[in-house]
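Structure at a glance
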Amino acid sequence: MTVNDNLEHQKRYGYDVPRKSDLVRLEYKFFIIEYIPVGKNRAKVRLASNVDLKLNFLPKFILSISARKFAFDYFKNIMKINEKFKGSEWEKKVKENPKFYGFFQRKNQEYL
């Protein structure tokens, strides 16, 4: 089940996925992010996904170029969001639940 199918999750986090039948829904079979610390303040990140974009009419090379662009834009946006972390709602959530959100910090400390 994906988040767009989980009404309880949507309600809890305050967003709504439109239920219009004229919208095309992507099918996410899996979406994995692998995080590998490689040194102080450095890490490798590998992204793997299996998504049916419902664009079978486009040539595969265009879909491949789009997937690569998405990956770079995805991480660029994460870095942009990270710059606004201090004082954000996310920072409050991290402080409220350090056991859960401290995963990356603990993994980095184990590596280093």
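Preceding this section is the structure that the text describes.
Residues numbered from 1 in each chain as written. Predicted model: local features only at pLDDT ≥ 70, side-chain atom pairs only at ≥ 80, totals over all residues. Heavy atoms only, no water.

A tally of helices and strands in the chain yields 5 helices and 2 strands. When the elements of the chain are put in sequence order from the N terminus, they spell out α-β-β-α-α-α-α. Taken along the three principal axes of its C-alpha coordinates, the chain extends 45 × 35 × 25 Å. For the chain, buried positions account for 9% of its 112 residues. Here the chain has roughly 10300 Å² of accessible surface; of this, 58% comes from carbon and sulfur atoms. (Helix = DSSP H or I, 4+ residues; strand = E, 2+ residues; numbered from the N terminus. Buried < 20%, exposed > 50% of the residue type's maximum accessible area, 1.4 Å probe, protein only. Areas by Shrake-Rupley, 256 points an atom, 1.4 Å probe, with all protein chains shown as cover.)

Here we take up the pattern of salt bridges. This structure, assessed with the given rule, holds 8 salt bridges. Of the charged contacts, one joins Lys29 and Glu27 as a salt bridge, the two residues approaching to 3.7 Å between their closest N and O atoms. Given a relative accessible area of 52%, Lys29 falls into the exposed group. Glu27 sits in the partly exposed class, given a relative accessible area of 37%. The salt bridge involving Lys54 is made with Asp52; its shortest N-O contact spans 3.7 Å. Classification of Lys54 by relative accessible area gives partly exposed; the value is 32%. Through salt bridges that share partners, Glu27, Lys29, Asp52 and Lys54 make up one connected network. (Salt bridge = Lys/Arg side-chain N within 4 Å of Asp/Glu carboxyl O.)

With that settled, consider unusual backbone geometry. Even without glycine at this site, Lys54 takes up a positive phi of about 60°. Note on placement: Lys54 falls in the loop between β2 (42-52) and α2 (60-83).

As a further point, take the pairing of strand β1 (residues 27-39). Note that β1 and β2 share 11 bridges and pair antiparallel. The residue of β2 that forms the bridge with Phe30 is Asn50. Counting the residues in the hairpin turn of β1 and β2 gives 2 residues, including Asn41, whose phi is positive at 65°. (Pairing = 2+ DSSP bridges.)

On to the packing of aromatic side chains. Overall, the coordinates contain 5 aromatic pairs when judged by the stated rule. With a centroid separation of 5.8 Å and an interplanar angle of 70°, the aromatic rings of Phe31 and Tyr74 are classed as edge-to-face. In this pair, Phe31 is assigned in strand β1 and Tyr74 in helix α2, connecting sequence segments 43 residues apart. Using a relative accessible area of 25% as the deciding quantity, one classes Tyr74 as partly exposed. Seen in terms of ring centroids, Tyr74 and Phe75 are 5.2 Å apart; in terms of plane orientation they differ by 90°. Their pairing is edge-to-face. (Phe/Tyr/Trp six-rings, centres within 6.5 Å; stacked < 30°, edge-to-face > 60°.)

Right, let's get into the environment of Asp52. Along the chain, Asp52 turns up in strand β2. Among the residues examined, Asp52 registers a relative accessible area of 23% and is labelled partly exposed. Considering only alpha carbons, one finds Asp52 and Pro98, 46 residues apart in sequence, at a separation of 35 Å. At a separation of 2.9 Å, a polar atom in the side chain of Asp52 contacts the main-chain amide nitrogen of Lys54. (Polar contact = N/O pair within 3.5 Å; in protein donor to acceptor, adjacent residues only side chain to side chain.)

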